[in-house]
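The residues making up each chain are set out below.
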Amino acid sequence: MMRWFHQLGSPPHFMAISRRLEPFLAVPAVALCLLGAYAGLVWAPADYQQGDAFRIIYIHVPAAWLSLFVYTSMAVAGAIALIWRMKLAEIYVVTAASLGASFTFLALVTGSVWGKPMWGTWWVWDARLTSELILLFLYLGVIALNNAIEQPRSAARACSLLALVGVVNVPIIHYSVEWWNTLHQGPTVTRFDKPAMEWSMLWPLLTVALGATLLFGWLVLVRMRAELLWRERRSRWVRRYLAGEEAGNG
Amino acid sequence: MAEFWDMGGYGAYVWSSYGIALVILLLNTVEPYWRLRRTERRIARETAREDT
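Residues numbered from 1 in each chain as written. Chains lettered and ligands numbered in written order. Predicted model: local features only at pLDDT ≥ 70, side-chain atom pairs only at ≥ 80, totals over all residues.

A. Region of the structure containing the overall build of chain A. On a plain count of helices and strands, chain A comes out with 9 helices and 0 strands. Helices and strands appear in chain A in the N-to-C order α-α-α-α-α-α-α-α-α. Counting only C-alpha atoms, chain A reaches 60 × 35 × 35 Å along its principal axes. Counting every position in chain A, which comprises 250 residues, the buried fraction comes to 39%. The long-range fraction of contacts in chain A, counting pairs at least 24 apart against all pairs at least 6 apart in sequence, stands at 77%. (Helix = DSSP H or I, 4+ residues; strand = E, 2+ residues; numbered from the N terminus. Buried ≥ 20, exposed ≤ 12 C-beta atoms within 10 Å, placed from the backbone. Contact = placed C-beta atoms within 7 Å.)

Pasting the structure below:
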């Protein structure tokens, strides 16, 4: 196990492993997203209160789930980066941020588009919406901090620290609908008793959420490869790797 | 079919949500590969310059 961990930490192994994993992430990711979206739009019955507008849930909830999942994973990677100075953890923090920001943005926009017909307003400054907006700013903060600091490793450490401090916002977002009075509906999926959704409506949601998570995993690995090559561009293994790449393509 | 696109009167809201999701996911998918290729080219150029 430790040996495996060490090997994963070594850049050439990471390149090889992540390339081998790529099709196993990409293919199910696309398949599950398409299947879930199709099932959500066509097979799931209309909601008895919200009619067909509820179908926005199949975009909104997976995007919101990823916004929290990605940020939490960045905080964990940030802790690893700060404690063990692991290069790949540093790279994860700075490359996952823009993907996380895009999912947070998507969750906010689709929430707004859903709120208009259901609540009669695009936006309210309530706990759930405001804390999710703060999450977007935290992501943008990590991205800006990384761009502002010239030296990549110091930048990554600063970003790790911000990711770690900002993670306090994650449980606030999650519990906001219980702690405060809000327009936002309560949790439908992550309840300890049975979920508040019919199975025919729920399974497409879980399918999209799983597909989107795999999609994130696939794409963050590609971004990490680019960042790793750039940071290590002076090292021998990168030259060997790129030479092999050219031979493979030519 | 028209009924499907109408989404019980919520068509504009539902389809704009799915549309923006599609755009964001496509951009998210293209950008990493574009970045990887650009990085590889930049390093190749740098290496070539140092070797001459």
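B. Molecular detail of the overall build of chain B. Per the secondary structure count, chain B includes 2 helices and 0 strands. Its C-alpha atoms give chain B a radius of gyration of 21 Å, clearly above 10 Å, the size a compact globule of 52 residues would have. On the principal axes, the C-alpha backbone points of chain B span a range of 65 × 15 × 10 Å. Looking at chain B residue by residue over its 52 residues, the buried ones come to 15%. (Rg over C-alpha atoms; globule rule 2.2 N^0.38 Å.)

C. Representation of the environment of Arg42(B) in the model. Residue and element names in this part refer to chain B. Mapping arginine 42 onto the fold places it in helix 2 (residues 11-51). Here arginine 42 falls in the partly exposed class, since 13 other C-beta atoms lie within 10 Å of it. It is 26 Å that separates the C-alpha atoms of arginine 42 and leucine 25, two residues lying 17 residues apart in sequence.

D. Local environment of the interface of chain A and chain B. Taken together, the 28 residues of chain A in the interface contact 23 residues of chain B. Counting only elements with at least two residues in the side of chain A that touches chain B, the list comes to helix 4 (87-119), helix 8 (199-231) and helix 9 (236-249) of chain A. A total of 9 residues in the side of chain A that touches chain B trace back to one element, the largest contributor, which is helix 4 of chain A. Tallied by class, the residues present in the side of chain A that touches chain B amount to 17 nonpolar, 3 polar and 8 charged. (Nonpolar A, V, L, I, M, F, W, Y, C, P; charged D, E, K, R; others polar.)

E. The confidence of the model for chain B, seen in detail. Summarising the model, chain B shows a mean pLDDT of 92, and 100% of its residues fall at 70 or more. Per the prediction output, this complex has pTM 0.92; the corresponding ipTM is 0.93. (pLDDT = per-residue confidence, 0-100.)

F. Inspection of unusual backbone geometry at higher detail. Residue and element names in this part refer to chain A. Look at arginine 85: it is not a glycine, yet its phi comes out positive at around 55 degrees. Positionally, arginine 85 belongs in the loop between helix 3 (57-84) and helix 4. Overall, arginine 85 belongs to the exposed group, with 12 C-beta atoms counted inside 10 Å.

G. Representation of the packing of helix 4 of chain A against helix 6 (residues 152-166) of chain A in the model. Residue and element names in this part refer to chain A. Direction vectors running N to C along helix 4 and helix 6 enclose 70 degrees, while the axes themselves pass 9 Å from each other. With respect to their mutual orientation, helix 4 and helix 6 come out roughly perpendicular. The element helix 4 and its partner helix 6 pack so that their crossing is left-handed. Residues Glu90, Val93 and Val94 of helix 4 form the contact with helix 6, whose participating residues are Arg153, Ala156, Cys159, Ser160 and Ala163. The residue inventory of the contact of helix 4 with helix 6, partitioned by class, reads 5 nonpolar, 1 polar and 2 charged. (Axes fitted to C-alpha atoms, helices over the stretch in contact; angles between N-to-C directions. Parallel < 35°, antiparallel > 145°, perpendicular 65-115°, else oblique. Left-handed = near helix turned anticlockwise from the far one by under 90°.)

H. Molecular detail of the packing of helix 5 (residues 127-148) of chain A against helix 6 of chain A. Residues and elements named next belong to chain A. Axis separation between helix 5 and helix 6 bottoms out at 8 Å; the angle between their running directions is 165 degrees. Taken together, the axis directions place helix 5 and helix 6 in an arrangement best described as roughly antiparallel. At the point where helix 5 passes helix 6, the crossing takes the right-handed sense. In this structure, helix 5 contributes Leu138, Gly141, Val142, Leu145 and Asn146 to the contact, and helix 6 contributes Ala155, Ala158, Cys159, Leu162, Ala163 and Gly166. Across the contact of helix 5 with helix 6, the residue classes break down as 8 nonpolar, 3 polar and no charged.

I. Quick peek at helix 5 of chain A. In this model, helix 5 of chain A (22 residues) spans 31 Å end to end at C-alpha, consistent with the 32 Å of a helix rising 1.5 Å per residue. Those residues of helix 5 of chain A lying buried are Ala127(A), Arg128(A), Leu129(A), Glu132(A), Leu135(A), Leu138(A), Tyr139(A) and Val142(A). (Expected span 1.5 Å × (residues − 1).)

J. Main features of the confidence of the model for chain A. Looking at chain A, the pLDDT average stands at 91 and 93% of residues meet or exceed 70. Across chain A, the secondary-structure element scoring lowest on mean pLDDT is helix 1 (residues 2-9) of chain A, at 64, and the one scoring highest is helix 3 of chain A, at 97.

K. Geometry of the nonpolar core. The biggest cluster of nonpolar side chains holds 73 residues, and the ones touching the most others in it are Ile56(A), Met74(A) and Val93(A). Counting only elements with at least two residues in this core, the list comes to helix 2 (11-43), helix 3, helix 4, helix 5, helix 6, helix 8 and helix 9 of chain A together with helix 2 of chain B. Broken down by element, this core gets its largest block of residues, 17 residues, from helix 8 of chain A. Excluding residues that lie within four positions of it along the chain, Met74(A) makes contacts with Val93(A), Ala96(A), Ala97(A), Gly100(A) and Ala163(A). (Core = buried A, V, L, I, M, F, W, Y, C linked by C-beta atoms within 7 Å.)

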